[in-house]
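Coordinate inspection notes
For reference, the chains in residue letters:
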Amino acid sequence: MSSHQISRRQWLAVSPLSAAVLAAQQHAHQAMRAAAPVPFTVLSPNEAIELGPIVNQIIPTDDTPGAREAGIIYFIDRALATFDSDKRELYTKGLEETRRKGAELFPSQSIADLRPEQQIQLLQAIENTGFFEQVRTHTIMGFFGNPSYGGNRNLVGWKLIGFEDRFQFEPPFGYYDGDSNR
Amino acid sequence: MKQYQPAEEVDFLIVGAGAAGGVMAKELATAGFSVVVLEQGPYLREKDFEHDEIKYTMLSAMTNNLARQPHSYRKSEGETAKVPSQKMIQYGRQVGGGSVHFTANYWRLWESDFKQKSRWGSVAGASLADWPITYADLEPYYTKTEEELGVSGLAGANPFEAWRSKPYPLPPLPVKSSGVLFERATRKLGLHPFPAPMAILSQPYRGRGACLHCGFCEGFGCEMRAKSSTLATVIPLAERTGRCEIRPDSYTRKIEVGPNGRATGAIYFDAHRREVFQRAKAVVVCANGSETPRLLLMSKSNRFPQGLANSNGLVGKYLMVDAGYEAHGVFEHPLNEFKSIQATRVIHDFYEPDPKRGFYGGGGIDARFEYYPISFALTGLPPAAPRWGRVWKTMVARNFTRTMTLEAHATCLAREQNHISLDPNIKDAWGLPALRVTFDFHPDDVSNMEFLLERQMEILEAAGAQQAWPDRSDDALLPHNHLLGTCRMGDDPKTSVVDRYHRTHDVPNLFLVDGSSLVTACCQPTCTIQTMAYRAADHLAEQARKAAI
């Protein structure tokens, strides 16, 4: 039985939490090592295509990498397969709602076909929903979290903000505690 | 490690292997007694700790988990408590308890903290009281705590601090950019900054290495053993005596009482959810200010129909929590606050309540960084900033290394209506009644938080912040950490739950030693909780030797 066939509450009740983390990390690890594109576990191909423009507008690619390069869609798929499996319905319903909103704003166009400025307009129309809040949270978790969960590929998130994950630093840590500036 | 059979009557059964339980275990085992410690969480070791914000901050790997152990919250008695969508009450849930994930701020109380009622008088709508003990009673134990656990700081640097018989055993940790800016600004304002006292090693000490400044203190376990948690310090010493068994994954549900009204041991669920009864001559509950009253309230019997040690109905009452707003500032150059310990400079200028302010309350302010990459990107930008997209991304990229936080650590008044009780409707994954929190800050607490926030903003301005903003989130007015005061210490059995040596007034061989004993709450409680544990253990060992328990 794969981990996503039982509910989050069920397995939280029977196994230590680390099992959830481990599952998410193993999942990510396998996906990263596979040469061929990895099929999604939870998201349907169509859902993944629709989710793409949403996460890519939350953290756009400009002169630095964005959600696309960080592998956020894969992070979300794994989150929904493991530690956030109870959020699947929120995604299914949220995407439905977004599709409907998209059809209202831009009749006869699918989300995936919208131009970037149309995508932004659509996101502005849904940005106060619980669904958008969840996608934003997942996108940020994936982009700035530990790469072992499948996002933050090549540490693009940490490089963007100047964060380094090290076991040791030495003073001065910043500009103001440097000897000449104290 | 020594292992006892449940049928074996040990000298002391300790519930909770945290900040206080670890100290009690070490002191009692070293004094020659047989000790079993039941810990509801796992026994993690330094090798298990990771720099993983998702695992520890978002998935509660080291703290209570809302899905398995829900708690409910309501503002006042009239409401039906609801389980919040995100965890509200937080406590350490593993061997070492909260001392593993805490920030390690380690402040002694002031002499005046023990006499607030005498100094101030009554506060309407609150139950301000004097402690039955004084700073002088605790001072030798404050010194012992700092020496045994390893605390870094600079004696005398805080002109307001209470007298001390010895300096800190270790010098302060290196100042960070936030500390330099804070020090400069507070001096300009005529205030008195001093190096933050931290339970983190600035130099090698008693077989442990010094802090290497990785930056993962608050919310994380220290893989270097530089943070002076009980996991890294006293628990190994307790085990080394050969008389102490730490029993992890053991979730206590009831303290049993014999026909003579004395505690006989405790029933717990083991890792396989089997019920086990461990016999003991005396029981010491160190389960924190929320779980200790919950356990007493769950320990109902014919003799104690309202729960154990609760004949006056005060178990769970007077809940006090961490109080204080945050203010944030962005500076021109990188501070790189993600490196090293959270806080390096503090002021106590506004610690003492002052009638001129027009309300009861006071507190300290420190300069720190409250964020890791995910939490910063989610919530670290100024209020008017966009929440996603191109501009948001640019701001996150620029501000992460340039932001610092001033945090207030303030008084919280005890009120009878603020309490921990058993939720009548909600059960945890073991079928036990969920923790119900009823809490609303006293208006003076909120006025005080607002007063301190104004000081925080003045300091950020004086520090030359390019942009500074107060963080008055609704969330700051909800209860979260530092769960205190719920089994109040006092001489009068009518108005308190434990006596001055932590013995319950109702059950002679039942002791409560943790944050629940505190009579007033200001600022940073862990130092005082552990100091009280050293003092309680001293007395307990003496009484046990005289067969007076």
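Every chain is numbered on its own, with residues counted from 1 as its sequence reads. Ligands are numbered from 1 and chains lettered from A, in the order in which they are written. pLDDT decides what is reported in this predicted model: residues at 70 or higher carry local features, side-chain atom pairs at 80 or more are listed and counted, and totals for whole chains, interfaces and linings draw on all residues regardless.

**Quick look at the overall build of chain B**
What counts is decided by this rule: Comment: elements are numbered from the N terminus, with helices defined as DSSP H or I runs of at least four residues and strands as E runs of at least two. It is over C-alpha atoms that the radius of gyration is taken, and the globule rule equals 2.2 Å times the number of residues to the power 0.38. By definition, residues are in contact whenever their C-beta atoms, placed on the basis of the backbone, come within 7 Å of each other.
The secondary structure content of chain B amounts to twelve helices and 17 strands. In summary, chain B has a C-alpha radius of gyration of 22 Å against a globular reference of 24 Å for 549 residues, a match within 12%. Seen through its C-alpha atoms, chain B measures out along the principal axes to roughly 70 × 50 × 50 Å. The long-range share in chain B, meaning contacts at least 24 apart out of those at least 6 apart in sequence, stands at 74%.

**Looking at the overall build of chain A**
We apply this condition: Labels follow a simple rule on C-beta atoms placed from the backbone: if 20 or more others lie within 10 Å of a residue's own, it is buried; if 12 or fewer, it is exposed; otherwise it is partly exposed.
From N to C terminus, chain A includes nine helices and zero strands. The secondary structure elements of chain A, listed N-terminal to C-terminal, are α-α-α-α-α-α-α-α-α. Expressed as a percentage of the 182 residues in chain A, the buried residues total 41%. Across chain A, every contact between residues at least 6 apart in sequence was considered, and the portion connecting residues at least 24 apart equals 67%.

**Description of the pairing of strand E5 (residues 244-247) of chain B**
Residues and elements named next belong to chain B. Quick reminder of the rule: DSSP-based pairing: two strands are paired if at least 2 bridges between them are found.
Burial along E5 is two-sided: Cys244 and Ile246 facing one way and Glu245 and Arg247 facing the other are all buried. Bridge count between strand E2 (residues 35-38) and E5: four bridges; the pairing is parallel. Pairing of Val36 across the sheet is with Glu245, part of E5.

**A short note on the confidence of the model for chain A**
What counts is decided by this rule: Along the chain, pLDDT gives the predictor's confidence residue by residue, from 0 to 100.
Chain-level statistics for chain A give a pLDDT mean of 86 and a share of 79% at 70 or above. This model gives residues 1-17 of chain A a pLDDT under 50, and the stretch forms 26 contacts once residues within four places in sequence are excluded.

**Remarks on the interface of chain B and chain A**
Rules: In this count, Pro and Cys sit with the nonpolar residues alongside Ala, Val, Leu, Ile, Met, Phe, Trp and Tyr, while Asp, Glu, Lys and Arg are called charged and the others, Gly among them, polar.
Taken together, the contact between chain B and chain A spans 44 residues of the former and 43 residues of the latter. Those elements that place two or more of their residues in the side of chain B that touches chain A are helix H2 (53-58), helix H6 (177-188), helix H9 (373-379) and helix H10 (389-399) of chain B. Among the elements that make up the side of chain B that touches chain A, the one with the highest residue count is H10(B) (five residues). In terms of residue class, the side of chain B that touches chain A is made up of 24 nonpolar, ten polar and ten charged.

**Here's the deal with the nonpolar core**
Burial of nonpolar side chains together is a common tendency in soluble globular proteins. This is how the line gets drawn: A set of buried residues qualifies as a nonpolar core if it consists of Ala, Val, Leu, Ile, Met, Phe, Trp, Tyr and Cys joined through C-beta atoms within 7 Å.
Ranked by size, the top nonpolar core spans 203 residues in total, and within it B:Met24, B:Ala25, B:Val35 and B:Val283 carry the most contacts. Residues contacting B:Met24, with those up to four places away along its chain left out, are B:Ile14, B:Val284, B:Cys286, B:Val513, B:Ala533, B:Ala536 and B:Ala537.

**Some points on unusual backbone geometry**
With an omega dihedral of 0°, the bond running from A:Pro171 to A:Pro172 counts as a cis peptide bond. In this fold, A:Pro172 is placed in the segment after helix H9 (156-161). Unusually for a residue other than glycine, A:Asn154 sits at a positive phi of about 55°. Mapping A:Asn154 onto the fold places it in the loop between helix H8 (130-144) and H9. Even without glycine at this site, B:Ala309 takes up a positive phi of about 60°. With respect to the element layout, B:Ala309 can be found in the loop between helix H8 (288-298) and strand E9 (326-330).

**As for the packing of helix H5 (residues 72-81) of chain A against H8(A)**
Residue and element names in this part refer to chain A. To keep things clear, this is the line we draw: Only the stretch in contact is used when fitting a helix axis, every axis being a line fitted to C-alpha atoms; angles between N-to-C directions are given from 0 to 180 degrees. Orientation categories follow fixed angle ranges, with anything under 35 degrees roughly parallel, anything over 145 roughly antiparallel, 65 to 115 roughly perpendicular, and all other angles oblique. Left-handed describes a crossing whose near helix is turned anticlockwise from the far helix by less than a right angle; the clockwise case is right-handed.
Two elements in contact, H5 and H8, have axes separated by 9 Å at closest approach and are oriented at 110°. One way to sum up the angle between H5 and H8 is to call them roughly perpendicular. In the crossing of H5 with H8, the sense of the turn from one axis to the other is right-handed. Between H5 and H8, the contacting residues are Ile72, Phe75, Ile76 and Ala79 on the first element and His138, Thr139, Gly142 and Phe143 on the second. Class assignment for the residues of the contact of H5 with H8 results in five nonpolar, three polar and no charged.

**Focus on H5(A)**
Counting buried positions along H5(A) yields ten of ten residues, so the element is predominantly enclosed. For H5(A), the set of buried residues is A:Ile72, A:Ile73, A:Tyr74, A:Phe75, A:Ile76, A:Asp77, A:Arg78, A:Ala79, A:Leu80 and A:Ala81.

**Here's the deal with the sheet that holds strand E3 (residues 71-74) of chain B**
Residue and element names in this part refer to chain B. One open sheet accounts for three strands, arranged E3-E14-E13; its pairing is mixed. Two strands lie at the open edges of the sheet, namely E3 and strand E13 (419-427), each paired on one side alone. Averaged over all pairs of adjacent strands, the angle between their axes in this sheet comes to 35°, without regard to strand direction. Sheet topology places E3 next to strand E14 (residues 433-438); four bridges connect them, and they run parallel. Directly across from His71, in E14, lies its bridge partner Leu435. Along the sheet, H8 makes contact with E13 and E14, crossing E13 at roughly 65°.

**Some words on the environment of A:Gly66**
Residues and elements named next belong to chain A. Assignment of secondary structure puts Gly66 in the loop between helix H3 (45-58) and helix H4 (67-70). Owing to 22 C-beta atoms within 10 Å, Gly66 belongs among the buried residues under this scheme. For Gly66 and Asn56, which are ten residues apart along the polypeptide, the C-alpha to C-alpha distance reads 6.7 Å. Residue contacts for Gly66: discarding those within four places in its chain leaves Asn56, Ile59, Pro60 and Thr61.

**A few points about the environment of B:Arg68**
The topology assignment puts B:Arg68 in the loop between H2 and E3. Each C-alpha atom of the pair B:Arg68 and B:Ala434 lies 10.0 Å from the other, and the pair is 366 residues apart in sequence.

**Looking at the environment of B:Phe114**
Position of B:Phe114 relative to the elements: it lies in the loop between helix H3 (98-101) and helix H4 (116-120). Contacts of B:Phe114, omitting those with residues within four sequence positions, involve B:Asp130, B:Trp131, B:Ile133, B:Thr134 and B:Tyr135.

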